[in-house]
Protein chains: 2
Amino acid sequence: MRERKIILSEKDMPKKWYNIQADMPNPMQPPLHPGTKKPAGPEDLSPIFPMALIEQEMSKERWIDIPEEVLDIYSLWRPSPLHRAYNLEKALGTPAKIYYKQEGVSPAGSHKPNTAVAQAYYNKQEGIKRLSTETGAGQWGCSLALACNYFDMDCTVYMVKVSYKQKPYRRSLMEVWGANVHASPTDTTKSGRDVLEKTPDSLGSLGIAISEAVEDAAGKKDTNYSLGSVLNHVMLHQSIIGLECKEQLKMVDQYPDYVIGCCGGGSNFAGISFPFIHDKIRDDKQVRCIGIEPLACPSLTKGSFTYDIGDAAGFTPLMMMYTLGHDFMPPGIHAGGLRYHGQSPLVSQLHHDGLIEARAVGQEGVFEAALTFARTEGILPAPETAHAIKGAIDVALECKEAGEEKTILFNLSGHGHFDLTAYDDYLAGKIKDVEYPQELIDESIASLEKIS
Amino acid sequence: MRERKIILSEKDMPKKWYNIQADMPNPMQPPLHPGTKKPAGPEDLSPIFPMALIEQEMSKERWIDIPEEVLDIYSLWRPSPLHRAYNLEKALGTPAKIYYKQEGVSPAGSHKPNTAVAQAYYNKQEGIKRLSTETGAGQWGCSLALACNYFDMDCTVYMVKVSYKQKPYRRSLMEVWGANVHASPTDTTKSGRDVLEKTPDSLGSLGIAISEAVEDAAGKKDTNYSLGSVLNHVMLHQSIIGLECKEQLKMVDQYPDYVIGCCGGGSNFAGISFPFIHDKIRDDKQVRCIGIEPLACPSLTKGSFTYDIGDAAGFTPLMMMYTLGHDFMPPGIHAGGLRYHGQSPLVSQLHHDGLIEARAVGQEGVFEAALTFARTEGILPAPETAHAIKGAIDVALECKEAGEEKTILFNLSGHGHFDLTAYDDYLAGKIKDVEYPQELIDESIASLEKIS
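Residues numbered from 1 in each chain as written. Chains lettered and ligands numbered in written order. Predicted model: local features only at pLDDT ≥ 70, side-chain atom pairs only at ≥ 80, totals over all residues. Heavy atoms only, no water.

Chemist: Summarise the interface of chain B and chain A; cite the residues concerned and give the values.
Modeler: Residue-level contacts link 47 residues of chain B with 47 residues of chain A. Buried area between chain B and chain A, summed over both chains or domains, comes out near 4200 Å², and the portion from carbon and sulfur atoms is 52%. Counting every contact that joins chain B to chain A gives eight salt bridges. Measuring nitrogen to oxygen at the nearest pair gives 3.1 Å for the salt bridge that ties Lys5 of chain A to Glu10 of chain B. The interface formed by chain B and chain A includes 35 residue pairs in polar contact (both at pLDDT 80 or more). Elements supplying a minimum of two residues to the side of chain B that touches chain A: helix 3 (68-74), helix 6 (139-150), helix 8 (168-176), helix 15 (363-376) and helix 17 (420-427) of chain B. For the side of chain B that touches chain A, the element with the most residues is helix 8 of chain B, which contributes six residues. Residue composition of the side of chain B that touches chain A, grouped by class: 22 nonpolar, 11 polar and 14 charged. (Contact = heavy atoms within 4.5 Å. Buried area = accessible area lost by both parts, 1.4 Å probe. Salt bridge = Lys/Arg side-chain N within 4 Å of Asp/Glu carboxyl O. Polar contact = N/O pair within 3.5 Å; in protein donor to acceptor, adjacent residues only side chain to side chain. Helix = DSSP H or I, 4+ residues; strand = E, 2+ residues; numbered from the N terminus. Nonpolar A, V, L, I, M, F, W, Y, C, P; charged D, E, K, R; others polar.)

Chemist: Now, about the pattern of salt bridges: what can you tell me, with residues and values included?
Modeler: All names here are of chain A. Per the stated rule, a full pass over the model turns up 46 salt bridges over all chains. A salt bridge links Asp194 to Lys190, with the nearest nitrogen and oxygen atoms 2.8 Å apart. On the criterion of helical spacing, the pair formed by Asp194 and Lys190 is a turn pair, its members being four residues apart in helix 9 (residues 190-198). Members of the salt-bridge network, linked through shared partners, are Arg78, Lys101, Glu103 and Glu244.

Chemist: Just give me the short version of the sheet that holds strand 7 (residues 154-160) of chain B, but keep the residues and values in it.
Modeler: All names here are of chain B. The sheet built from four strands is open, its strands ordered 8-7-6-9 with parallel pairing. Across the chains shown, the open sheet's two edge strands, defined by having one partner strand only, are strand 8 (180-184) and strand 9 (223-225). Strand-to-strand twist across the sheet, computed as the mean angle between neighbouring axes with direction ignored, equals 25 degrees. Relative to strand 6 (residues 130-135), helix 6 is tilted by about 165 degrees, and along the sheet it contacts strand 6 and strand 7. (Pairing = 2+ DSSP bridges. Axes fitted to C-alpha atoms, helices over the stretch in contact; angles between N-to-C directions.)

Chemist: Tell me about the confidence of the model for chain A, residues and numbers included.
Modeler: On average, chain A scores 94 in pLDDT, and the residues at 70 or more come to 99%. Model confidence for the complex: the whole-complex pTM is 0.97, and ipTM, which rates the interface, is 0.96. (pLDDT = per-residue confidence, 0-100.)

Chemist: Could you give me a rundown of the relation of the copies chain B and chain A, with the residues and numbers involved?
Modeler: When chain B is fitted onto chain A, the two copies agree to an RMSD of 0.0 Å after a turn of 180 degrees and an axial shift of 0.0 Å. Viewed as a symmetry operation, the transformation between the two copies matches a two-fold axis. Across chain B, the rotation axis passes nearest the C-alpha of His417 of chain B, at a separation of 3.3 Å. Comparing interface residues between copies, 100% of those in chain B also sit at the interface in chain A, which points to an isologous, same-surface contact. (Least-squares fit on C-alpha atoms with pLDDT ≥ 70 in both.)

Chemist: So what's going on with the packing of aromatic side chains? Which residues, and what values?
Modeler: Inspection of every chain in the model, using the stated rule, returns 27 aromatic pairs over all chains. Ring centres of Tyr100 of chain A and Phe373 of chain A lie 5.0 Å apart, and the angle between their planes is 75 degrees; on these two criteria the pair is classed as edge-to-face. With Tyr100 of chain A in strand 5 (residues 97-102) and Phe373 of chain A in helix 15 (residues 363-376), the pair connects residues that are 273 residues apart, well separated along the chain. Note on accessibility: Tyr100 of chain A and Phe373 of chain A belong to one class, buried. A ring pair is formed by Phe328 of chain B and Tyr436 of chain B, whose centres lie 4.4 Å apart and whose planes are at 70 degrees; its orientation type is edge-to-face. Here the residue Phe328 of chain B occupies a position in the loop between strand 13 (318-323) and helix 14 (345-352), and Tyr436 of chain B occupies one in the loop between helix 17 and helix 18 (438-446), the gap between them amounting to 108 residues. When its relative accessible area of 6% is taken as the criterion, Phe328 of chain B is described as buried. The class for Tyr436 of chain B is buried, based on a relative accessible area of 16%. (Phe/Tyr/Trp six-rings, centres within 6.5 Å; stacked < 30°, edge-to-face > 60°. Buried < 20%, exposed > 50% of the residue type's maximum accessible area, 1.4 Å probe, protein only.)

Chemist: Residue-level account of the pairing of strand 13 (residues 318-323) of chain A, with values.
Modeler: All names here are of chain A. Taking burial as the measure, the six residues of strand 13 include six buried ones, the bulk of the element. Of the strand pairs in this sheet, strand 12 (residues 304-309) and strand 13 are connected by six bridges, and their pairing is antiparallel. Each residue of the ladder has a partner; that of Tyr307, found in strand 13, is Met320.

Chemist: Would you mind going over the environment of Tyr158 of chain A in detail, with residue names and values included?
Modeler: Residues and elements named next belong to chain A. Residue placement: Tyr158 occurs in strand 7 (residues 154-160). For Tyr158, a relative accessible area of 3% puts it in the buried group. It is 8.4 Å that separates the C-alpha atoms of Tyr158 and Gly141, two residues lying 17 residues apart in sequence. Side chain to side chain, Tyr158 and Asp216 meet in a polar contact 2.6 Å long.

Chemist: Got a sec to walk through the sheet that holds strand 9 (residues 223-225) of chain A? Specific residues and values, please.
Modeler: All names here are of chain A. Sheet architecture is open: four strands sit in the order 8-7-6-9, paired in parallel fashion. Each edge of the open sheet carries a strand with a single partner, namely strand 8 (180-184) and strand 9. The average undirected angle you get between the axes of adjacent strands in this sheet is 25 degrees. Relative to strand 8, strand 7 is paired through five bridges, and the arrangement is parallel. Counted as the bridge partner of Met159 is Ala183 from strand 8.

Chemist: Any details on the side chain of Ser273 of chain A? Residues and values, ideally.
Modeler: Residues and elements named next belong to chain A. Tracing the sequence through the fold places Ser273 in helix 12 (residues 267-283). A polar side-chain atom of Ser273 sits 2.7 Å from the main-chain carbonyl oxygen of Phe269. For Ser273, the residues in contact, after removing those within four places along its chain, are Val259 and Cys289.

Chemist: Tell me about unusual backbone geometry, and please be specific about residues and values.
Modeler: Note that the residue after Arg78 of chain A, namely Pro79 of chain A, is joined by a cis bond; omega there is -10 degrees. Within the element layout of this structure, Pro79 of chain A appears in the loop between helix 3 (68-74) and strand 4 (82-84). In this model, Ser184 of chain A is joined to Pro185 of chain A through a cis peptide bond whose omega is 10 degrees. Positionally, Pro185 of chain A belongs in the loop between strand 8 and helix 9. Phi at Val230 of chain A is positive, roughly 70 degrees, even though this residue is not glycine. Positionally, Val230 of chain A belongs in the loop between strand 9 and helix 11 (232-251). The phi angle at Lys37 of chain B is positive, at roughly 65 degrees, despite the residue not being glycine. Counting through the fold element by element, Lys37 of chain B comes out in the loop between strand 2 (16-18) and helix 1 (42-45).

Chemist: Kindly report on the pairing of strand 6 of chain B, identifying the contributing residues and their values.
Modeler: Along any regular strand, the residues point their side chains to alternate faces of the sheet. All names here are of chain B. Of all six residues in strand 6, six are buried; the element is thus mostly enclosed. In strand 6, alternate side chains face the same way, and those of Arg130, Ser132 and Glu134 on one face and Leu131, Thr133 and Thr135 on the other are all buried. Bridge count for strand 6 against strand 7 is six bridges, and the pairing is parallel. Bridge pairing links Arg130 to Asp154 in strand 7. Chirality of the crossover, the property in question, places the unit of strand 6, helix 6 and strand 7 among those that are right-handed. (Right-handed = clockwise from strand over helix to strand, strands pointing away.)

Chemist: Which residues make up the environment of Lys432 of chain B, and what are the values?
Modeler: Its location among the elements puts Lys432 of chain B in the loop between helix 17 and helix 18. Those residues within four positions of Lys432 of chain B in sequence are excluded, and the remaining contacts are Gln363 and Glu364 of chain B.

Chemist: Outline the packing of helix 15 of chain A against helix 17 (residues 420-427) of chain A, listing residues and values.
Modeler: Residue and element names in this part refer to chain A. Two elements in contact, helix 15 and helix 17, have axes separated by 11 Å at closest approach and are oriented at 105 degrees. As the angle between them shows, helix 15 and helix 17 are arranged roughly perpendicular. Facing helix 15, whose interface residues are Glu364, Phe367, Glu368, Ala370 and Leu371, helix 17 presents Ala422, Tyr423, Tyr426 and Leu427. Taken together, the residues of the contact of helix 15 with helix 17 sort by class into seven nonpolar, no polar and two charged. (Parallel < 35°, antiparallel > 145°, perpendicular 65-115°, else oblique.)

Dropping the structure here:
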């Protein structure tokens, strides 16, 4: 009987993360202080991040040890299985081999705990007793709640009010793991009160929630802030995904021609692809790494590579990245995790240097792909994840057209158990492609201050 | 580094189910026709079940081959991991070793697909094009929807109306896999119309839904009915759980002193324990198998071992089982899967013969155990499953008291991703122990017709 799952044993789990900064052909542009516009140093970040993470943010070391305590928690669900998608291949009639990495097996249901656990660990090491963060749909908040639970730290989550009301299940899950969850805007921060004063009925936004979480952390000695995507150290921690894939594919004598992930802030795509980009840069491997983003929020395919702030309020450093402009308001698609105006600086630089590709896809095709996947491989994917599935299916069909037996690897970054309202809408014919008008993107980008 | 997960490879997955009817010290009492009260034969069951399942229902063969096609679908998620609960052990301070079998990794989120896939397969083999069934909270309906999807069969699910309204996520999941889901009572069956005529606002019950599903199947040549628990062939299919556990424990040189499962209709408890009861009967192994049931619905601990019907309407054969009486209306606890008046005839006979034990536990302790588990092992359990956790924790604390290094195995039968309302209620202090008054149980049992 053919085997569907490739399982790496716990003792073979990677013991180091891969840092792509060691191998990039062009150096990263430094982050800039939002006030002075001068390169931001460790001292600018230390009020809200621990020194270990600031060092990782700027490190050029290729391999960074994963602490024993982090490995121990990873081993609750890692190494995650790699699946050969025999059923999907058959349904598509493609000669391509399709593999997917099952990151939905973590207790929080996605790849996010890979960095949450590491961040909680380093903060704990430096005496921090509480982490604050923001969350939109709740994937990240759940992951940090889980991680803080393991290190016996308090966790405060500012959850965008509209999600707090519409996605009570994710809020409950955070509370099960002991987090304090607030509907943002709150009246406990200045940023929150400012919003409520102007708009008492505000349903919140990720930008407001970030401002509240940063403000909560900035003033307090025992509290730090934690971010689930975008930053370099987050991409570093996620590299365990691709490192495991390499070992697992080796077990079946395969090497991917394509590595595919959905792309919002960039962390799951970076996680699966960076270890392969290592081979592309250093060993000239002919692997194509493709980030899939929504047509509704197309930062890589339609954004501009320039300096922009990471939040709406301007608390974060300016970062060099593909951005749609921080005033860009993406339409309300179901893939909330991909509704971000900018792209991780690392992913952006690699895209700028031609080492990765990007494609934008519409919502209808994404949900059609999700349904095809659920009905062949069984697993219900998150709407974000379904973008990667759509990308993989498109490539597999191109292989069919060309009669090519390529090997495709994609990241099944999370399950959709908390996203069934989106599937309801799709089955009821309510989901349509949303493309963002180019002139509004141009306008938002044009409003950015030119620096560099 | 110690390993938390014991993984059996796909090629080592058991190829035969274990049929405990081959080894029982006392033979099963036959099912009786509800009208004539004479032993029911294959011809009484053939209008709604395929012959292969009827044969399995009555078979005395010890080992029954799992068809290749069923193994192939099992391999999408099986063998399921066996976890050593190091974190839970540490939190309890127990010298006992605790292992749990992770059945929540199936696409439907529980052990139920183990029998759903087998049932769909045998029906398909005999030319059946559609299966009808009932579902309460939706676990079983999802599993049969998934199974029918794989064999390209239609699936009609009568979902208790109150759940249809309160648990829309499970309904959506069934629809994602292509099932037709109706809020029961419907106006498409006579049973449904009879109810609606008397009670137009009826919120339904499992009894009514069973009647509708059976009626839908009974009259049609290409449609059969499918049941997710109670019957002998269901217990047979679930035996793969315990068979895998035996192999996995062998890999770490362990044998359980205790095997624990929650007990409603009996299928997940039977699945994990019957292969060990085999050893107890044939090799005199000193293993204690304990079924955990809710105080609110204590069929094994407070019911009577007698003939009773399986549904409320009297369509099913009379079966010899521990029952609270088919008129018994269990209080509305969150563990909907354990709210059944009777117990599987196989589990009942084994309990009557002293080969298994039973304990009843209250809801508060169950949710406290669930939270302890979620905060140590990470995984959020279903409320039903949390009964097994409570049972395992109690035994582990008894071991601590006695200073005994026993080995405990329990079945983590399903995740609780669709049950977060229950956790909300617990965290808000709204969940209290519900014990059913003995006199009402006595009354319900006394009303049963005496046969035997």
